[in-house]
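Spelled out from the first residue to the last, the chains are:
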Amino acid sequence: MGIFQLVAFDLDDTLYPEREFVHSGFAAVARHLADLGVIDAESFFNTAAGLFAAGARGNIFDLALERLAVVFPSVRVKELVRVYREHSPQIRPFVGSPRLLQLLKAKGAVLALISDGPWPTQQNKLRALGLEAWFDHLVFTGARGEDWGKPNPRAFQKVMGQSGVPAAACVYVADNPGKDFVGPNRLGWHTIRVREKIGLYRDASPPPGGEPQATVNSFAALGDLLLVRGA
C-alpha cells in the first residue's frame, strides 16, 4: 500500500459502530415523546429499533408512530428529527481505534477526518467518542455546501492543500463503497474499506471507479496495513 504520510478517516462505521448512534438517537426521541405524554419511551424505542433492523430507512419515525396508532402531526415529525440529530450521543469507538490513532501520530502521520452528514451531528459524534484531539484536519462536508459531499473530491483536495502531502502518500479509510472511494481514487489516493460485521454498508457494492484498493473485515485489522506497511 505504500508509505502513508497522511491518513484520513471517515466517521460512521469506520471509527465507531453507526448502529450505536442510531439507537442512541431513537432513545433520545423516545424520551422526548414520553416527556410530551405521547407514548411511553420503551414502546417507541422498541418499535423504531425493530423497523431499523428490518431495513426501514428515512421515515422510521412516521412508521413507528403509525404502527403504534399514535396520532402525531406530520409537521411535528421534523421536531423528532431535530431531537435525533442534536442529541448528545451515547457511543463508543471501535476497540483499538484510539490506540491506532495514537500510534499513527507517534509515527509522524498527519491525521484527517472527512465526513458527510449534518455537521453539528457529526461534530457531536466525534466529541462523544473523545477522538477529536487526534486529528490535524477536520472536514465536515455538511458545513461547506452540497457540492462538498462525497463522492465529490473537494474535501480530499482541501486536505491535501492544507497538509501539503501529495496524493500518492495519502490513504482514506472508510466503510461505504457506494460513495466513499470514488473521489480519493480519482485523485490517486490509496483507499481501504472497513467491512465490519455490524456495518450498515457491509454488503454494499461500489460503482465504477469506487472500488477500494484493500478491504479489512474489522477495525482491528487496519493496523497491519497502516502501521506495518504504511505511515
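To start, this report covers the structure provided alongside it. (Residues numbered from 1 in each chain as written. Predicted model: local features only at pLDDT ≥ 70, side-chain atom pairs only at ≥ 80, totals over all residues. Heavy atoms only, no water.)

What about the packing of aromatic side chains?
Each aromatic ring pair is summarised here by two numbers: the centre-to-centre distance and the angle between the ring planes.
Then, in step 1: Applying the stated criterion to the full structure yields ten aromatic pairs.
Then, in step 2: Relative to Y84, the ring of F21 has its centre 5.3 Å away and its plane inclined at 75°; by these criteria the two rings are edge-to-face. Residue F21 is found in helix α1 (residues 18-35), and its partner Y84 is found in helix α4 (residues 74-86); the two are separated by 63 residues along the sequence.
Then, in step 3: The class of Y84 is buried, set by a relative accessible area of 17%.
Then, in step 4: Taken together, the ring pairs in this structure connect F21, F26, F44, F52, F61 and Y84 into an aromatic cluster.
Then, in step 5: Above the plane of the ring of F52 lies R57, whose end atom (NZ or CZ) is 3.8 Å from the centre. (Phe/Tyr/Trp six-rings, centres within 6.5 Å; stacked < 30°, edge-to-face > 60°. Helix = DSSP H or I, 4+ residues; strand = E, 2+ residues; numbered from the N terminus. Buried < 20%, exposed > 50% of the residue type's maximum accessible area, 1.4 Å probe, protein only. Lys NZ or Arg CZ within 6 Å of the ring centre and 35° of its normal.)

Quick word on the nonpolar core
Then, in step 1: Core analysis: the biggest nonpolar cluster contains 54 residues, and V7, F9, F44, L222 and L226 have the highest contact counts within it.
Then, in step 2: With seven residues, the single largest contributor to this core is α1.
Then, in step 3: Residue contacts for F44: discarding those within four places in its chain leaves F26, V29, A30, L33, I39, F61, A64, L65 and L68.
Then, in step 4: Within the second largest apolar cluster, 19 residues are counted, among which are L6, V139, V165 and A174. (Core = buried A, V, L, I, M, F, W, Y, C linked by side-chain atoms within 4.5 Å. Contact = heavy atoms within 4.5 Å.)

Brief notes about the pattern of salt bridges
Then, in step 1: Under the criterion given, the structure shown has eleven salt bridges.
Then, in step 2: Here D10 ties to K150 by a salt bridge, and the two come within 3.1 Å at their closest N and O atoms. Linking D10 in the loop between β1 (6-9) and α1 with K150 in the loop between β3 (137-140) and α7 (154-163), this pair joins segments that are 140 residues apart in sequence. Here D10 and K150 have matching classes, each one buried.
Then, in step 3: D147 serves as the salt-bridge partner of R154, at 2.5 Å between the closest nitrogen and oxygen.
Then, in step 4: Residue classification places R154 among the partly exposed positions, given a relative accessible area of 32%.
Then, in step 5: A single salt-bridge network, built from bridges that share partners, covers D10, K150 and D180. (Salt bridge = Lys/Arg side-chain N within 4 Å of Asp/Glu carboxyl O.)

Points about the sheet that holds β3
Then, in step 1: Taken together, the six strands give an open sheet; going across it, the order is β3-β2-β1-β4-β5-β6, and neighbouring strands pair in parallel fashion. Of all the strands in the sheet, just β3 and β6 (214-216) have a single pairing partner and so form its edges. Direction aside, the axes of adjacent strands within the sheet are offset by 20° on average.
Then, in step 2: Across four bridges, strand β4 (residues 170-174) lies against strand β5 (residues 190-194) in parallel orientation. Looking at β5, one finds that V171 is bridged to H190.
Then, in step 3: Lying over the sheet, helix α6 (residues 119-129) contacts β2 (110-115) and β3, oriented at roughly 140° with respect to β3. (Pairing = 2+ DSSP bridges. Axes fitted to C-alpha atoms, helices over the stretch in contact; angles between N-to-C directions.)

Here's the deal with the packing of helix α2 (residues 41-53) against helix α3 (residues 60-67)
Then, in step 1: The interhelical angle for the contact between α2 and α3, taken along N-to-C directions, is 125°, at an axis separation of 9 Å. In terms of orientation, α2 and α3 fall into the oblique class. Seen from above, α2 lies across α3 with right-handed handedness. From α2, F44, T47, A48, L51 and F52 reach across to α3, where they touch I60, F61, L63, A64, L65 and R67. (Parallel < 35°, antiparallel > 145°, perpendicular 65-115°, else oblique. Left-handed = near helix turned anticlockwise from the far one by under 90°.)

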